[in-house]
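# Structural overview for review
The primary structure of each chain is shown beneath.
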Amino acid sequence: MKIFDTMQRRKVELETVEPGKVSMYVCGPTVYNLIHIGNARPMIVFDAFRRYLEYKGYDVNYVSNFTDVDDKIIKAANEEGVDSSVISERYIKECKKDMADLNVKEATTHPKATEEIDGMISMISTLVDKGFAYVADDGTVYFNVEADKDYGKLSHKNMDEMMSGLRDLKVTGEEQKRNVNDFVLWKPKKEGEPSWPSPWCDGRPGWHIECSVMSKKYLGETIDIHAGGEDLIFPHHENEIAQSECTSGKTFSKYWMHNGFLNINGLKMSKSLGNFFTVRDITAQYDPMVLRLFILSAQYRQPLNFSKEIMDQSKASYERILNCTDKLYALEKTAAGEEMTEDELNAKAQVEGFIKAFEEAMEDDNNTANASTAVYEIVRIANSTANENTTKAFLTYIHGVIKTLCDGVLGVISDRKAEALDSEIEALIEERTAAKKAKNYARADEIRAQLLQMGIILEDTREGVKWKRA
Ligand code: AMP
Ligand code: ZN
């Protein structure tokens, strides 16, 4: 299986620390308001990748954090006049709801920064002891990038280049720093901010240290894959590497995967630009699975432009999948035949070809775009071959393939509707029977028309109402 590694700047073969196991850390959101669909991109693309690894039989230990102490959270808390934990707990809950709606699997561990302060103090102490960090007069602890000869290796930044862009530290109010790229590990508390005691001052951690600590605690000193959006390459991930490797002396992560941006009119969707839609905005208009399919319609490293047109295309694609599984579900109920016919065996051979194409796409750097195309081909074969004469053996086979690839790997649920549909149809038929009894023929006709729109044909027989799919 090949993945593009940001550090090596090329596609490489995935070779995990322990055979058959993958440890993976995906940087999660800062929780101060509802997540937007750009934030949902890393969640969805790396969830699909994780699901594929599991489909291949890997045991995946998947960790994704919540940043629950941060300037923006504190600002939001002060504006509402509440404790910052009220804000972070509220938006962790909302984020988990969005993730569940988008069928993102629960992480093995979902740590929160505020619950890992001891580990951060311990790592910062080690960095100070080893000479990789220094304490300023006011108790701020900085990482000293000059002490780390590897600093810049992920983002391929050259220290000399970085120094040439040197800003006057006096102008930026950072004259305590030795180097403009030195970054905060611990900072003193300000009035009205959450704080913890530490050997340096009462205060709170910098942002980068939390991921180094949580990754080490839940996955070990060397993990297989560290992932996030490409805006995290510098400085966040560069700084995580510096902290972790200077602490342990070992490689922090074997591979680095970064997703491209979700754009709108060619600009990165972001809270600061205000050009965003929350997941809630979109799921008020579309099934969450349409959003998921839209995000997976591009290879994860490519920029993806959000537009109504492409969302509508994803909606049409999703409906094609649903209609197909509805049809298979209905046909399977009455089908017979344990052995496939020759035509069916030919169709099965074609399907196998597309399963191979699906796997090749996923193994070529998580190419969900090509993998989805392979699923559409299987759906096309299912639609063109399945009818009243199809054997149960073939229907079960092809339905199983669609469920495995679509629901299982891509995580785009294709059967929810089918199961809900029967009870919905039965309920409408009951209502129509009642309307007829009450001589409300207008309502009865209305229901018949509504069912017809859903592709259901009613037949009034002596034994009662029967229905079939058009
Ligand atoms: P944040 O809450 O801003 O730290 O972002 C959480 C995650 O979402 C990070 O992995 C970011 O890189 C990612 N992210 C933020 N905006 C976008 C975007 N427009 N497109 C893709 N990923 C994004
Ligand atoms: Zn992180």
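Anyway, here's the lowdown on the structure attached to this text. (Residues numbered from 1 in each chain as written. Chains lettered and ligands numbered in written order. Predicted model: local features only at pLDDT ≥ 70, side-chain atom pairs only at ≥ 80, totals over all residues. Heavy atoms only, no water.)

### Here we look at the overall build of the protein chain
A tally of helices and strands in the protein chain yields 16 helices and 15 strands. A total of 470 residues make up the protein chain; the buried ones form 51% of that total. Here the contacts in the protein chain between residues at least 6 apart in sequence split such that 75% fall between residues at least 24 apart. Total accessible area on the protein chain stands at roughly 21800 Å², and carbon and sulfur atoms take up 49% of it. For the protein chain, the separation between the mean place of its 60 positive charges and that of its 77 negative charges on side chains is 3 Å. (Helix = DSSP H or I, 4+ residues; strand = E, 2+ residues; numbered from the N terminus. Buried < 20%, exposed > 50% of the residue type's maximum accessible area, 1.4 Å probe, protein only. Contact = heavy atoms within 4.5 Å. Areas by Shrake-Rupley, 256 points an atom, 1.4 Å probe, with all protein chains shown as cover. Lys, Arg positive; Asp, Glu negative; His and termini not counted. Charge placed at Lys NZ, Arg CZ, Asp CG, Glu CD.)

### Quick look at the nonpolar core
Among the nonpolar cores identified, the biggest contains 91 residues, and Phe-46, Ile-225, Leu-291, Phe-358 and Ile-398 are the most heavily contacted of them. At 11 residues, the largest contribution of residues to this core is made by helix 14 (residues 392–410). Beyond its immediate stretch of four places on either side in the chain, Ile-225 contacts Ile-3, Leu-14, Val-22, Ser-23, Met-24, Tyr-25, Phe-49, Ser-253, Tyr-255 and Met-257. Val-69, Phe-132, Val-141 and Cys-211 belong to the second-largest nonpolar core, a separate cluster that totals 33 residues. (Core = buried A, V, L, I, M, F, W, Y, C linked by side-chain atoms within 4.5 Å.)

### With respect to the state of the cysteines
Within the structure shown, the criterion is met by 0 disulfides. Cysteine Cys-95 is unpaired, with the sulfur of Cys-27 as its nearest cysteine sulfur at 14 Å. Cys-95 sits in the buried class, given a relative accessible area of 2%. Looking at Cys-246, it has no disulfide partner, and the nearest cysteine sulfur is the one in Cys-211, 17 Å off. With a relative accessible area of 8%, Cys-246 lands in the buried category. (Disulfide = S-S within 2.5 Å.)

### Thoughts on the coordination of the zinc ion (ligand 2)
Metal coordination angles in their ideal form are 109.5 degrees for the four-donor tetrahedron and 90 or 180 degrees for the six-donor octahedron. Looking at the metal site, the zinc ion (ligand 2) is ligated by Cys-27 (SG), Cys-211 (SG), His-236 (NE2) and Glu-240 (OE), spaced 2.0 to 2.7 Å from it. Every donor counted, the 4 donor atoms about the zinc ion (ligand 2) form angles of 70 to 126° at the centre, which fits irregular coordination. Along the chain, the residues donating to the zinc ion (ligand 2) are arranged with the sequence spacing C-x183-C-x24-H-x3-E. Taken together, the residues span about one helical turn, with His-236 and Glu-240 both in helix 8 (residues 233–248) at a distance of 4 residues. We note that His-236, like Glu-240, is buried. (Donors = N, O, S within 2.8 Å, 3.2 Å for Na, K, Ca; no water. Tetrahedral: all angles 85-135°; square planar, octahedral: opposite > 155°, others 65-115°.)

### A word on the pairing of strand 4 (residues 59–64)
Note: strand 3 (residues 21–26) against strand 4, 6 bridges, orientation parallel. Bridge pairing links Tyr-25 to Val-63 in strand 4. (Pairing = 2+ DSSP bridges.)

### Quick word on empty space enclosed by the protein
A full pass over the atoms with the stated rule returns 1 cavity of 30 Å³ or more. By volume, the largest cavity amounts to about 60 Å³. Lining the largest cavity we find Met-123, Ser-212, Lys-216, Gly-220, Glu-221, Ser-244, Thr-247, Ser-248 and Phe-252. Elements represented by at least two residues in the lining of the largest cavity include exactly helix 7 (207–219) and helix 8. Take the lining of the largest cavity: its biggest share by element is 3 residues, from helix 8. In terms of residue class, the lining of the largest cavity is made up of 2 nonpolar, 5 polar and 2 charged. (1 Å grid on protein atoms, 1.4 Å probe; cavity = no way out; pocket = protein on both sides within 12 Å on 5 of 7 lines; lining within 4 Å. Points joined across faces, edges and corners; volume = space filled by probe spheres on them. Nonpolar A, V, L, I, M, F, W, Y, C, P; charged D, E, K, R; others polar.)

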